[in-house]
Amino acid sequence: MSTIFSKIISGEAPADIVYKDEHVTAFRDINPVAPTHILVVPNKFISTVNDLEQEDAALVGQMVLAAKKLAAEEGIAEQGYRLIINCNRDGGQVVFHLHLHLIGGRPLGPMVRRLKTD
Ligand code: 5GP
């Protein structure tokens with residue numbers, strides 16, 4: 001199933017691409033939540049984390065290593081950043097082509113709002 005990300009990877013749709021190699025394509029999120037918000041996307045179509053197979057292990061590693069490299073290039077490696085993969089409805093996934101969010105450039109606060117405990 002094709003998504004907008006497949007079209008960005010193939011060059012059919014425009015995006016601010018910041019990195020591309022044989023494994024992954026990375027581009028700036030169209031609706032950023034922080035000064036740095038980059039999506040790292042496998043060139044191979046995989047819908048969600050649930051669809052990953054053992055043979056994709058190296059590809060997932062390539063995604064994380066690309067994010068690490070981009071964090072350094074963005075100048076946010078030292079102060080820190082967050083890597084997020086959303087999965088399906090409760091995870092908040094909207095685009096069903098696997099992607100890693102690289103987010104940083106400001107303090108990001110707690111990871112997820114805590115369940116009310118009082
Ligand atoms: P998800 O919620 O699926 O993890 O995140 C999807 C992300 O893709 C969102 O942050 C959204 O802003 C971004 N996005 C959706 N459509 C486009 C697009 O056409 N171009 C770019 N660059 N980002 C997009």
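These numbers come from a predicted model, not from an experiment.

Reading guide: rules and limits
Residues numbered from 1 in each chain as written. Predicted model: local features only at pLDDT ≥ 70, side-chain atom pairs only at ≥ 80, totals over all residues. Heavy atoms only, no water. Helix = DSSP H or I, 4+ residues; strand = E, 2+ residues; numbered from the N terminus. Buried < 20%, exposed > 50% of the residue type's maximum accessible area, 1.4 Å probe, protein only. Contact = heavy atoms within 4.5 Å. Pairing = 2+ DSSP bridges. Axes fitted to C-alpha atoms, helices over the stretch in contact; angles between N-to-C directions. Polar contact = N/O pair within 3.5 Å; in protein donor to acceptor, adjacent residues only side chain to side chain. Expected span 1.5 Å × (residues − 1). Arc of directions from axis to C-beta.

1. Brief notes about the environment of Ile46
- With respect to the secondary-structure elements, Ile46 resides in the loop between strand 3 (36–42) and helix 2 (57–74).
- For Ile46, a relative accessible area of 4% puts it in the buried group.
- Along the backbone, Ile46 and Val24 are 22 residues apart, and their C-alpha atoms lie at a distance of 12 Å.
- Apart from residues no more than four positions distant in its own chain, Ile46 is found in contact with Asp51, Leu52, Asp56, Leu59, Phe96, His97 and Leu98.

2. Describing unusual backbone geometry
- Phi is positive for Asn88, which is not a glycine, with a value near 60°.
- Given the relative accessible area of 30%, Asn88 is considered partly exposed.

3. Observations regarding the sheet that holds strand 1 (residues 17–20)
- The 5 strands lie next to each other as 1-2-3-5-4, forming an open sheet whose pairing is antiparallel. Because the sheet does not close on itself, it has two edges, and the strands there are strand 1 and strand 4 (81–84). Taken over all neighbouring pairs, the strand axes of this sheet differ in orientation by 15° on average, direction set aside.

4. Brief notes about the side chain of His99
- By the secondary structure assignment, His99 is in the loop between helix 3 (88–91) and strand 5 (100–104).
- A polar contact is formed between the side chain of His99 and the backbone oxygen of His97, at a distance of 2.7 Å.
- A polar atom in the side chain of His99 sits 3.5 Å from the side chain of His101.
- Setting aside residues up to four positions removed in sequence, His99 forms contacts with Phe5, Leu39, Val40, Val41, Met63, Ile84 and Ile85.

5. A short note on the side chain of Ser47
- Note on placement: Ser47 falls in the loop between strand 3 and helix 2.
- A residue is classified by how much of its surface remains accessible, and Ser47, at 17% relative accessible area, is buried.
- Here Phe96 takes part through its backbone oxygen, which lies 3.5 Å from a polar atom of the side chain of Ser47.
- Sequence-distant contacts of Ser47, that is, excluding residues within four places in its chain, are made with Gln93, Phe96, His97 and Leu98.

6. Here's the deal with helix 2
- Taking 1.5 Å per residue, 18 residues should reach 26 Å; helix 2 reaches 26 Å between its end C-alpha atoms and fits that length.
- Inspection of helix 2 places Leu59, Met63, Ala66, Ala67, Leu70 and Ala71 among the buried residues, and these make up the whole buried set. One face of helix 2 carries all of its buried residues, which in axial projection span an arc of 140°. Within helix 2, the exposed residues directed more than 90 degrees away from the buried face are Ala58, Leu65 and Lys68.
- Phi turns positive, to about 80°, at Gly75, one or two residues after helix 2.

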